[in-house]
Amino acid sequence: MAESDVVLDPEDAKLVTLARASAARTGADEGAAVRDSDGRTYAAATVALPSLTLSALQAAVVAAVSSGVRSLEAAAVVSGSATVDAAAIAAVRDLGLASVVLADPDGSVQAVVG
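What comes next concerns the included structure.

The rules behind each value
Residues numbered from 1 in each chain as written. Predicted model: local features only at pLDDT ≥ 70, side-chain atom pairs only at ≥ 80, totals over all residues. Heavy atoms only, no water. Helix = DSSP H or I, 4+ residues; strand = E, 2+ residues; numbered from the N terminus. Rg over C-alpha atoms; globule rule 2.2 N^0.38 Å. Buried < 20%, exposed > 50% of the residue type's maximum accessible area, 1.4 Å probe, protein only. Contact = heavy atoms within 4.5 Å. Areas by Shrake-Rupley, 256 points an atom, 1.4 Å probe, with all protein chains shown as cover. Lys, Arg positive; Asp, Glu negative; His and termini not counted. Charge placed at Lys NZ, Arg CZ, Asp CG, Glu CD. Core = buried A, V, L, I, M, F, W, Y, C linked by side-chain atoms within 4.5 Å.

## Notes on the overall build of the protein chain
- Broken down by element type, the protein chain carries three helices and seven strands.
- Secondary structure elements in the protein chain, listed N-terminal to C-terminal, are α-β-β-β-β-α-β-α-β-β.
- Relative to a compact globule of 114 residues, whose C-alpha radius of gyration would be 13 Å, the protein chain shows 13 Å and is just as compact.
- Across the 114 residues in the protein chain, those meeting the buried criterion constitute 41%.
- Contacts spanning at least 24 positions in sequence make up 55% of the contacts within the protein chain whose residues lie at least 6 apart.
- Of the accessible surface of the protein chain, which amounts to about 5,800 Å², a share of 53% is contributed by carbon and sulfur atoms.
- The centroid of the 7 positive side-chain charges in the protein chain is displaced by 8 Å from the centroid of its 14 negative side-chain charges.

Next up, the structure:
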């Protein structure tokens, strides 16, 4: 889906804002946020440790799951990349979500992927 075709509702736009804030706060290249079926949000940035590497979306999914979430209704990734990590897409699919909003670092929606 092209950028011009994507119109986010306010709750999904909030996810993009949270993802941008996570990346900015940590200085990471990527930030992500997810919303569960109860409307709670979880945000994270890329984790790059010598012993653990997670994409921002994987980290946001981990934060949600570790809080007891069993399903997601929305997700967003802010990245300079034109793609979302396949393992991260698989993680959101594990929780019933089929697509993820991909935005560039300034928050402009580039695509809906998945």
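## So, the nonpolar core
- In this structure, Val34, Leu57, Val61, Leu72 and Val92 are the most contacted members of the largest nonpolar core, which totals 24 residues.
- Residue contributions to this core peak at six residues, all from helix H2 (residues 56–66).
- Setting aside anything within four residues of it in sequence, one finds valine 34 in contact with Leu15, Arg40, Thr41, Tyr42, Leu57, Ala60, Val61, Ala64, Leu72, Ala74 and Ala75.
- Judged by nonpolar contacts, the second largest core, of eleven residues, contains Leu15, Val16, Ala19 and Ala33.

## Looking at the side chain of aspartate 12
- Take aspartate 12: it is sitting in helix H1 (residues 10–26).
- Those residues in contact with aspartate 12 that lie beyond four places of it in its chain are Arg35 and Ala74.

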